[in-house]
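Architecture and fold: a report
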Amino acid sequence: MKLIFALFLFLTISSASVVDEYLNTLTKEAKIENPSFSGFDLKRGEEIFTSKHIGKKGKEVSCVSCHGEDFSKTSKNFFTAKEIEPLSPKANPKRFSEVKTIEKWLRRNFNDVYNREGTTQEKGDVVTYIINK
Amino acid sequence: MKSLILLAALASVVLASSYDKKGVAAATDKLYVKECGACHFAYQPGLLPSNAWQKMMSNLENHFGSDASLAKEDFDSISKYLNKNSAEKFMNYKRSARIVNSLRVGEVADSISKTPYMIEKHKDIREDFIIQEEVKGIFNCTACHTTAQKGIYSEKDILIPNFGRWED
């Protein structure tokens, strides 16, 4: 039991550091791209996540279409009905625990919803929104 | 002479398309199941011949209208797995053999659902069962085939949501 707890704690701490590290990297990039960069913003992130757009498939969707409104619950892929595990790292420690995976899903999902990749600012904003919600 | 006999024996096996196993070989590769199974059912590689898998993998940036692109190392590993376990290499499985034999010579299928065998097998199902929320489309094997994960697609294991068992 102690071991499980320790493991859980370790995973929680390490996943927190992975996403913090990722946001630090994005911050550095953003400062280079935009000298007047003033940080990532949760409110802007929420707008990015919840606003609807004509996506790659030609249908009007938002990130909510697949991930739902409650990040602590499982949701369903809008197009395939496949179950999606909770998005919140608080509910699902596997989330935001690997930079490669974070980047893969940001690339894919911006393309799916916005029909283009996200900017550094947008990626930082939306990640800030998700991990703090 | 010996090789001629062997060839004849081989040809007779192929022509008879005899299979000794039902269904299709289960999907076992962890990376494949994790990556491809993130958005949809992890279809068994034995549901399409290698040329069709290759065609599909060549355009993951626009995978049925979604971006399913992979990191280079994962792309390579999954491509290799699909190619090694594709339908024409597992003709001893009933479903793999049926799918391969339904394709015209030179025909490269765009998806599992578009193979002549799959079209034929699903043609009598009412449209509203297929497009309903719980199913969404023919692509969603597990919605009705309760044993699809194991590679078993027998009629007795079919349970259509909001309908029930299916009998031909």
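Everything discussed here concerns the structure shown above.
This text gives an overview of the structure that appears in the document. A quick note: this is a predicted structure, and the numbers were derived from the prediction, not measured. Residue numbers restart at each chain and count upward from 1, following the sequence in its written direction. Here the convention is simple: chains get letters from A, ligands get numbers from 1, in the order in which they are written. Given that this is a predicted model, residues contribute local features only at a pLDDT of at least 70 and side-chain atom pairs are listed and counted only at 80 or more, while totals for whole chains, interfaces and linings are drawn from all residues. For the side-chain quantities, the full set of heavy atoms in the structure was used; hydrogens and water were omitted.

**Regarding the overall build of chain B**
Definition in use: Under the scheme used here, helices are H or I runs from DSSP no shorter than 4 residues and strands are E runs no shorter than 2 residues, and both carry numbers assigned from the N terminus. Burial here depends on accessible area, computed with a 1.4 Å probe over protein chains only, as a share of the maximum for the residue type. Under 20% is buried, over 50% is exposed, and the range in between is partly exposed. Should any heavy atoms of two residues lie within 4.5 Å, those residues are considered in contact. Accessibility throughout is a Shrake-Rupley quantity obtained with a 1.4 Å probe, and a residue counts as covered only by protein chains that appear here. The sign given to each residue is positive for Lys and Arg and negative for Asp and Glu; His and the chain ends receive no count. Where a charge lies is defined by one atom per residue type, namely NZ (Lys), CZ (Arg), CG (Asp) and CD (Glu).
Each helix and strand in chain B was counted, giving seven helices and two strands. Listing each helix as α and each strand as β along chain B from the N terminus yields α-α-α-α-α-α-α-β-β. Its C-alpha atoms give chain B principal-axis dimensions of roughly 60 × 45 × 25 Å. A total of 168 residues make up chain B; the buried ones form 43% of that total. For chain B, contacts bridging at least 24 residues in sequence account for 56% of all contacts bridging at least 6. Taken as a whole, chain B presents about 9,800 Å² of accessible surface, with 59% of it coming from carbon and sulfur. The averaged location of the 21 negative side-chain charges in chain B is 8 Å from the averaged location of its 22 positive side-chain charges.

**Focus: the state of the cysteines**
What counts here: What counts as a disulfide here is a pair of cysteine sulfur atoms lying within 2.5 Å.
Counted according to the given criterion, the structure contains zero disulfides over all chains. Distance from the sulfur of C66 of chain A, which forms no disulfide, to the nearest cysteine sulfur (C39 of chain B) is 8.0 Å. The class for C66 of chain A is buried, based on a relative accessible area of 18%. You can call C39 of chain B partly exposed: its relative accessible area is 26%.

**As for the interface of chain B and chain A**
Applied cut-off: By buried area we mean the combined loss of accessible area, with a 1.4 Å probe, across both parts when two parts are placed together. Here, a salt bridge means any Lys or Arg side-chain nitrogen found within 4 Å of an Asp or Glu carboxyl oxygen. Residues are grouped as follows: nonpolar covers Ala, Val, Leu, Ile, Met, Phe, Trp, Tyr, Cys and Pro; charged covers Asp, Glu, Lys and Arg; every other residue, Gly included, is treated as polar.
Contacts between the two partners involve 22 residues from chain B and, on the opposite side, 15 residues from chain A. Interface area for chain B against chain A, summed over the two sides, is near 1,500 Å², with a carbon-plus-sulfur share of 42%. The largest per-residue losses of area from chain B upon contact with chain A belong to C39, D67 and K136 of chain B, which jointly make up 33% of the total buried on that side. In this assembly, chain B and chain A are joined by three salt bridges. As a salt-bridge pair, K104 of chain A and E35 of chain B come within 2.6 Å of each other at their nearest N and O atoms. Each residue belonging to the side of chain B that touches chain A can be placed in one class, and the counts come to eight nonpolar, seven polar and seven charged.

**Things to note about the side chain of H40 of chain B**
Keep this limit in mind: N or O atoms closer than or at 3.5 Å make up a polar contact, with two conditions inside protein: a donor-capable atom paired with an acceptor-capable one, and, for residues adjacent in sequence, both atoms drawn from side chains.
Mapped onto the elements, H40 of chain B comes out in the loop between α2 (30–36) and α3 (50–57). At 3.4 Å, the side chain of H40 of chain B and the backbone oxygen of C36 of chain B are in polar contact. In contact with H40 of chain B, not counting residues within four places along its chain, are T80 and K82 of chain A together with H63 of chain B.

**Description of the nonpolar core**
Across soluble globular proteins, you tend to see nonpolar side chains buried next to one another. Short version of the rule: Among the buried residues, those of types Ala, Val, Leu, Ile, Met, Phe, Trp, Tyr and Cys that are joined through side-chain atoms within 4.5 Å form a nonpolar core.
With 27 residues, the main nonpolar core has Y32, Y43, L47 and W53 of chain B as its most contacted residues. The element contributing the most residues to this core is α3 of chain B, with four residues. With sequence-adjacent residues up to four places away left out, Y32 of chain B is seen in contact with A27, G37, A42, Y43, W53, I78, Y81 and L82 of chain B. Core analysis: the next-biggest nonpolar cluster, separate from the first, contains 25 residues, F40, L87, V113 and V127 of chain A among them.

**Topic: the packing of helix α2 (residues 42–50) of chain A against helix α5 (residues 120–132) of chain A**
Residue and element names in this part refer to chain A. Using the following cut-off: An axis is simply a line fitted to the C-alpha atoms; with a helix, the fit covers only the stretch in contact. Between two such axes, the angle follows the N-to-C directions and lies from 0 to 180 degrees. Roughly parallel covers angles under 35 degrees, roughly antiparallel covers those over 145, roughly perpendicular covers 65 to 115, and oblique covers all other angles.
In the contact formed by α2 and α5, the axes pass within 7 Å of each other and the chain directions differ by 95°. The orientation of α2 relative to α5 falls into the category roughly perpendicular. When α2 is examined against α5, the residues L42, R44, G45, E46, I48, F49 and T50 are found in contact with a partner set consisting of Q121, E122, D125, V126, T128, Y129, I130 and N132. In terms of residue class, the contact of α2 with α5 is made up of six nonpolar, five polar and four charged.

**Here's the deal with the packing of aromatic side chains**
This is how it is decided: Under the pairing criterion, centres of Phe, Tyr and Trp rings, with the six-membered ring standing for Trp, must be within 6.5 Å; the plane angle then separates stacked pairs below 30 degrees from edge-to-face pairs above 60, leaving the rest tilted. Charge-over-ring contacts are defined here by two conditions on Lys NZ or Arg CZ: a distance within 6 Å of the ring centre and an angle within 35 degrees of the ring normal.
Under the criterion given, the structure shown has eleven aromatic pairs over all chains. Ring geometry for F78 of chain A against F79 of chain A: centres 5.0 Å apart, planes inclined by 85°, an arrangement best described as edge-to-face. Ring plane angle 55° and centroid distance 6.2 Å describe the contact between F163 of chain B and W166 of chain B, whose orientation is recorded as tilted. A relative accessible area of 45% places F163 of chain B in the partly exposed class. Joined through ring pairs, the aromatic side chains of F49, F71 and Y129 of chain A make up one cluster. Across from the ring centre of F79 of chain A, 4.7 Å away, lies the NZ or CZ of K57 of chain A, which sits over that ring. Sitting over the ring of W105 of chain A, R108 of chain A keeps its end group 4.7 Å from the ring centre.

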